[in-house]
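Geometric and topological summary
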Amino acid sequence: MHPKTAWQAMAQRPLSFLTSSWPWRSLAYLAGGVVVGAAAVLVFATGLVAGLVLLVVLVGVAPLAGVVLSSMAVATVERYRLRLVDLDSLPNPHREPEAPGLRSWVATRLKEQVTWRELMFTLVSAAALWWLDLLVLCFSFGVPVLTFEAADGDTWPWAVFGAVVLLASPYTVTSWAGARAALARTFLAPRDEELGEELKEVRASQVRLLDSFDAERVRIERDLHDGAQQRLVSLGMTLGLMRLDVPEGSPLAERLTEAEGQLATAHKELRSLIRGLNPPVLADHGLVAAIQDYASRFPIPVTVDLQLPGRLPRQLETTMYYVINEAMTNIARHSGAAHAAVRGRYHSDLLVLDISDDGKGGVDPEAGSGLTGLADRLKALGGRMRVSSPAGGPTLLHVEVPCHFA
Amino acid sequence: MPLRVIVAEDAVLLREGLVGLLQRFGHETVAAVGDADALVEAVRKDPPDLVVTDVRMPPSNGDDGLRAAVDLREVHKGLPVLVLSQYVERSYAMRLLDSCGGAGVGYLLKERIGAVADFMAAVDRVAAGGAVVDPEVIHQLVRLRQDPLERLSGREKEVLSLMAQGHSNANLASQLFISEAAVNKHIGNIFNKLDLPVDTDGHRRVLAVLAFLRA
């Protein structure tokens, strides 16, 4: 793995670290830190003085704006510099001003939390960080230079000490550079809520994807219902009418019986196909009725105990139906259970679902048991799923999904 | 006896087919409509002897047909309704059977129309106030039957299940290879065991079927 930060680089084998660019990058970072720090102090002081002077003339936000502006400049420079020792670039957390013009720009900046974090960073930077940069550099390189210069017969142990310090300097410098970079990142990285818009966007597209799957399913189901199924029913009717005209026991009647048998199979297959696609009772009567219907067709006895205050939001309803359906299909196929139970409750904005069976257990959620796909669907809705299935059983599937009734 | 029937079905092919079929057996189609609103309007204008309707229909393409049927049975007391469905849904069947004490209702899969003679027999039975439930629905219920019907013997359950499908006693006897007298005895036992009130035989039959479906 390629190291992305100074600290990660130090954790490599010593030879690859010492021959890499990382010690030099760290050195450059700290040297730059001294320069920028000194400049920051200057700018900061100037900003403060200018602000105070302007306060007399203009009154209002002028002094604050001065300080804030200069700290933003320091932070911007620091974000660029940070790439020397931290390859993950920091996005700029500042928002676009609400309206054009200087006034709105200043107002927006002053309302942002990140502006005040930048101010804090600049203060810490000016008060301590750049001094420490200087100290580390002086210790790592100044001390050896001094001990070498002063070296004579009596003070050779000092020269040895100087040599050790110099040899260790790549590590000293990189350690501090890494620490400083971590600190800078803490102050200057966007917080979650500053990334909020972006995060929401990704989530929405996941939900959209699920929505389009569901829409497609409904469409296919409708097409089958309006097309193929109706034609098959008409065909059955035609055959039925033919039978009225055909004498019983004739060869033709036998062929008719055969055709009717095939037709019945086709009906059955189409029905189970459609049920898998989009059970009509789910759309008409909701989750509880759909699950009860499903349970009544289930090969082993199922206790259904779902208590919900009303119809769930459509997306959630569909997902929950498929979760229960898939879980129960697994139970029927693999568990060897004699009894299964579905229990659902709604607790303050959280839908909790337990699907359990008394089978032989040993469900491996990682082994592509169809559960991972369900977990993905649930995750898109902000929910999660956990499985307890020791060998020998019983198996419990626990699902939690945030849910708000409109 | 010729019946006056209203047919509600949104698929034209099927609607025409049903009308033709009913005609062939001497029944009169008073109206043939394609959505639930038109069905309600047609019944209001001229109440028929029987309504044959699809479950899924416009306007909302949900269970509009079924809901219309249940509502119509509320308004026009005991209006016989035969519901045709593409799906075996116990909840649909229950909703229907719960309306007006379950007399004069039927719930059949659409594909049963193909068995023309049985279908026409079901039409007659529903119009005469009987209850007909699709064998597929019954089958599902029987498979998982536990409890309140525990008191019934295996043979009695069999008889009850066939009864729920709308078979006559003679029919039952031939299907189970027993005499009609034996069938009568079984049915009597079923009525007693289910504590059904002594009433006309037909009504008790419906109640027994309902008890069977609800259990």
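Computed from a prediction, not measured in an experiment: that's the story for all the values here.

As for the overall build of chain B
Within chain B, the secondary structure is distributed over 10 helices and 6 strands. Out of the 215 residues belonging to chain B, those deemed buried represent 54%. Taking the intrachain contacts of chain B between residues at least 6 apart in sequence as the baseline, contacts between residues at least 24 apart amount to 66%. For chain B, the exposed surface amounts to about 8,500 Å²; the carbon and sulfur share of it is 54%.

Remarks on unusual backbone geometry
Residues and elements named next belong to chain B. That bond from proline 58 to proline 59 is cis: its omega, 10°, falls within 30 degrees of zero. Note on placement: proline 59 falls in the loop between strand E3 (50-54) and helix H3 (64-75). A positive phi angle is found at asparagine 61, which is not glycine, with a value near 60°. Positionally, asparagine 61 belongs in the loop between E3 and H3. Taking the relative accessible area as the measure of exposure, asparagine 61 reaches 28% and is therefore partly exposed. Despite not being glycine, phenylalanine 177 has its phi angle at roughly 55°, a positive value. Structurally, phenylalanine 177 is set in the loop between helix H8 (169-176) and helix H9 (180-193).

Structural notes on the side chain of asparagine 169 of chain B
Residues and elements named next belong to chain B. Summarising the element assignment, asparagine 169 is placed in helix H8. By relative accessible area, which is 14% here, asparagine 169 ends up buried. A polar side-chain atom of asparagine 169 sits 3.0 Å from a polar atom in the side chain of asparagine 184. Setting aside anything within four residues of it in sequence, one finds asparagine 169 in contact with Glu180, Val183, Asn184, Ile187 and Arg205.

Things to note about the interface of chain A and chain B
The interface is formed by 32 residues belonging to chain A together with 32 residues belonging to chain B. Here chain A and chain B share an interface that buries about 2,900 Å² over both sides, 52% of which is from carbon and sulfur atoms. The largest share of the area that chain A buries against chain B comes from Met237, Arg271 and Ser296 of chain A, three residues that together contribute 20% of it. For the salt bridge of glutamate 221 of chain A with arginine 56 of chain B, the shortest nitrogen-to-oxygen distance reads 2.5 Å. For the side of chain A that touches chain B, the residue count by class is 13 nonpolar, 9 polar and 10 charged.

Quick look at the nonpolar core
Membership of the largest hydrophobic core comes to 89 residues, with the highest contact counts inside it found for Met320 and Ile355 of chain A together with Leu39 of chain B. With 9 residues, helix H11 (residues 314-335) of chain A is the single largest residue contributor to this core. Discounting residues that sit within four places of it in the chain, isoleucine 355 of chain A has contacts with Val323, Ile324, Ala327, Ile331, Ala341, Val342, Thr395, Leu396 and Leu397 of chain A.

What to know about the UniProt feature "transmembrane region" (unreviewed entry) in chain A
Residues and elements named next belong to chain A. As recorded in UniProt, the feature "transmembrane region" (unreviewed entry) lies at residues 27-46, 52-75, 119-143 and 155-177. Annotation note: span residues 27-46, helix share 100%, strand share 0%, distance between end C-alpha atoms 28 Å. Within residues 155-177, the helical portion is 96% and the strand portion 0%, while the C-alpha atoms at the span's ends are 32 Å from each other.

What to know about the sheet that holds E3 of chain B
Residue and element names in this part refer to chain B. Taking strand neighbours across the sheet as the criterion, the 6 strands line up as E2-E1-E3-E4-E5-E6 in an open arrangement whose pairing is parallel. Every other strand in the sheet has two partners, leaving strand E2 (28-33) and strand E6 (131-133) as the edge strands with one partner each. Sheet twist, expressed as the mean angle between neighbouring strand axes with direction ignored, is 15°. Across 3 bridges, strand E5 (residues 105-109) lies against E6 in parallel orientation. When the bridges of E6 are listed, valine 105 appears paired with alanine 131. Together, E3, strand E4 (81-85), E5 and E6 form the strand contacts of helix H5 (residues 116-127), whose direction differs from that of E4 by roughly 140°.

So, how was this worked out
Residues numbered from 1 in each chain as written. Chains lettered and ligands numbered in written order. Predicted model: local features only at pLDDT ≥ 70, side-chain atom pairs only at ≥ 80, totals over all residues. Heavy atoms only, no water. Helix = DSSP H or I, 4+ residues; strand = E, 2+ residues; numbered from the N terminus. Buried < 20%, exposed > 50% of the residue type's maximum accessible area, 1.4 Å probe, protein only. Contact = heavy atoms within 4.5 Å. Areas by Shrake-Rupley, 256 points an atom, 1.4 Å probe, with all protein chains shown as cover. Polar contact = N/O pair within 3.5 Å; in protein donor to acceptor, adjacent residues only side chain to side chain. Buried area = accessible area lost by both parts, 1.4 Å probe. Salt bridge = Lys/Arg side-chain N within 4 Å of Asp/Glu carboxyl O. Nonpolar A, V, L, I, M, F, W, Y, C, P; charged D, E, K, R; others polar. Core = buried A, V, L, I, M, F, W, Y, C linked by side-chain atoms within 4.5 Å. UniProt positions renumbered as here; feature names shortened; annotations may be inferred. Pairing = 2+ DSSP bridges. Axes fitted to C-alpha atoms, helices over the stretch in contact; angles between N-to-C directions.

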